[in-house]
Amino acid sequence: MFHKKTIRDVELADQVILLRADYNVPLATIHAAADELAENNELTNAGEVTLAAPTSVEITSDFRIRASLPTLQYLLAHDVAKIVIISHLGRPKGKEDSLSLRPVAEHLAELLPGHVINFVDEITGPEVAAAVEDLPEGGILLLENLRFDPREKANDADFARELVDFSGAQLFVQDGFAVTHREQASTAAITKLLPSVAGLLVEKEVTMLTRAVQDPARPFTVVIGGAKVTDKQPLIDKFLPIADHLAVGGKIAADGYTSNNPKIYVATDFDEDGAGEKLDIGPVATTEVIDLVQQSQTVLWNGVLGKVEDAAYATSSTILAKYLGENPAITSIICGGDTAGFVEGLCAENPDLQFSLISTGGGAALELLSGGMMPGLENLADKD
């Protein structure tokens, strides 16, 4: 099902690996308490403390970092010389300290105790070369945010060449599934310069998502929520001939989406706020969705069913997530940024919930499922 070479298909021993990961993690800015800042800040006329710059940045979900661990552990177990990791974070306009990958390197060190994890606040140049040189055998070096340099998004060949030259890399491993639908220096240009294979995360995501389209265990139910019909209609059209059932909820149902196709169930009752705005599917619709899921061997869920950022309107999404997470016999595929983030949050509260796949790539998953272009995959070496 996965036709590209992976790290299992190539010689790894003594190789310097350039690994494209996806560490685009959610962050929260943490300020020191007001009394700690009082001595270093002027008082306003009202006597209030004016907060200084943020004192730290906290990773609020390490899901994407943990998702990279199987590939890193496999590489280390197969005696690679060194691993140089590249990633982006956010949408910086130039170099922004608040979007530095340094906190990611610090957290990665906590997740891989006993291994040297270093960080350098440059992407290319002599400092990177020196940091790679100083790295011990089996060490890991994380470079600074790729998007601090505009050449990354421009798919610039010279930038890709600098990444290769200053890292000393001999093999490129693409394990950032969330960017495989982008044509950028770290997904396209770099593959022209190094032998390029997939990591284990990319292999897993592509395999499971492709199987959902080509050969799902049946009955197969697709649950679609979210806000924009224009975003979801291609997915509905794609799965209509494939799925046994489609269930539509979320804002698109609340806004009046309809279908006469007997395969498609559209929510018709909703929980409303005081102003009459429909913010979650109601108990009847939730029961209908769960009834379809109970009959299924495979469930693909894209798009939350309500306004989940408000706990009062996260009921249906919570019920669906918990049902899937408590029934491992069902192949459960969670994709879409909001849906994956919501399910990740539930998993943090209840580690016993188990899903077959929580995709790390919202846009990439939709592009793959819709049959769109995937430069980050197409540019990898094919299996013999």
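Provided above is the structure to which this section pertains.
Worth saying up front: this structure is predicted, and the values here are computed from it rather than measured.

**Q** Explain the pattern of salt bridges here, please?
**A** Two side chains of opposite charge can pair, provided their charged atoms sit close to one another. Summed over the entire model, instances satisfying the criterion amount to 11 salt bridges. Here K5 ties to D384 by a salt bridge, and the two come within 3.8 Å at their closest N and O atoms. Taken together, the positions of K5 in the segment before strand 1 (16-20) and D384 in the segment after helix 14 (375-378) put the pair 379 residues apart, joining distant regions of the chain. Note that E162 and R151 form a salt bridge whose closest N and O atoms lie 3.0 Å from each other. Separated by 11 residues along the polypeptide, E162 in helix 6 (residues 157-167) and R151 in the loop between strand 6 (139-142) and helix 6 bring together distant segments of the chain. Note on R151: relative accessible area 24%, which makes it partly exposed.

**Q** Teacher, can you tell me more about the nonpolar core here?
**A** Soluble globular proteins: nonpolar side chains tend toward being buried together. If you look at the biggest cluster of nonpolar residues, it comprises 66 residues, and the most contacted ones within it are F239 and W301. When residues in this core are grouped by element, the largest group, six residues, is from helix 7 (residues 200-214). Excluding its chain neighbours within four sequence positions, the residues that come into contact with W301 are V223, S317, L320, A321, L324, I333, I334, C335, T339, F342 and V343. L76, I86, I123 and A189 belong to the second-largest nonpolar core, a separate cluster that totals 55 residues.

**Q** Before we go on, may I ask you to explain the sheet that holds strand 4 (residues 82-86) in this structure?
**A** Pairing between sheet strands relies on hydrogen bonds along the backbone, with the strands arranged either parallel or antiparallel. Spatially, the six strands line up as an open sheet ordered 5-6-4-1-7-8, and their pairing is parallel. The open sheet terminates on both sides in strands that have one partner only, identified here as strand 5 (117-119) and strand 8 (196-198). Here the average twist between neighbouring strands, direction ignored, is 25°. Strand direction decides the pairing type here: strand 1 and strand 4, joined by five bridges, are parallel. Opposite V16, over in strand 4, you have K82 as the bridge partner. Along the sheet, helix 3 (residues 69-77) contacts strand 1, strand 4, strand 6 and strand 7 (171-174); its crossing angle with strand 4, the most-contacted strand, is approximately 160°.

**Q** Help me understand empty space enclosed by the protein, please; the structure alone is not making it clear to me.
**A** In this approach the atoms are scanned with a rolling probe the size of a water molecule, which exposes any empty space left behind. Tallied over the entire structure, the rule returns one cavity of 30 Å³ or more. Counted as a void, the largest cavity has a volume near 50 Å³. The residue inventory of the lining of the largest cavity, partitioned by class, reads four nonpolar, two polar and three charged.

**Q** Help me understand helix 7 in this model?
**A** In this model helix 7 runs 21 Å from its N-terminal to its C-terminal C-alpha over 15 residues, within 8% of the 21 Å that 1.5 Å per residue would give. Buried residues dominate helix 7, accounting for 12 of its 15 residues. Among the residues making up helix 7, those that are buried are L200, L201, V202, E203, E205, V206, T207, M208, L209, T210, A212 and V213.

**Q** Just checking my understanding: could you explain the packing of helix 10 (residues 283-294) against helix 11 (residues 315-325) for this structure?
**A** Remark: helix 10 packs on helix 11, axes separated minimally by 10 Å, with the N-to-C direction vectors making an angle of 15°. Taken as axis vectors, helix 10 and helix 11 run roughly parallel relative to one another. Pair helix 10 / helix 11 crosses with right-handed handedness. Residues T286, V289, I290, V293 and Q294 of helix 10 form the contact with helix 11, whose own contacting residues are S316, I319, L320, Y323 and L324. Residue composition of the contact of helix 10 with helix 11, by class: seven nonpolar, three polar and no charged.

Cut-offs applied
- Residues numbered from 1 in each chain as written.
- Predicted model: local features only at pLDDT ≥ 70, side-chain atom pairs only at ≥ 80, totals over all residues.
- Heavy atoms only, no water.
- Salt bridge = Lys/Arg side-chain N within 4 Å of Asp/Glu carboxyl O.
- Helix = DSSP H or I, 4+ residues; strand = E, 2+ residues; numbered from the N terminus.
- Buried < 20%, exposed > 50% of the residue type's maximum accessible area, 1.4 Å probe, protein only.
- Core = buried A, V, L, I, M, F, W, Y, C linked by side-chain atoms within 4.5 Å.
- Contact = heavy atoms within 4.5 Å.
- Pairing = 2+ DSSP bridges.
- Axes fitted to C-alpha atoms, helices over the stretch in contact; angles between N-to-C directions.
- 1 Å grid on protein atoms, 1.4 Å probe; cavity = no way out; pocket = protein on both sides within 12 Å on 5 of 7 lines; lining within 4 Å.
- Points joined across faces, edges and corners; volume = space filled by probe spheres on them.
- Nonpolar A, V, L, I, M, F, W, Y, C, P; charged D, E, K, R; others polar.
- Expected span 1.5 Å × (residues − 1).
- Parallel < 35°, antiparallel > 145°, perpendicular 65-115°, else oblique.
- Left-handed = near helix turned anticlockwise from the far one by under 90°.

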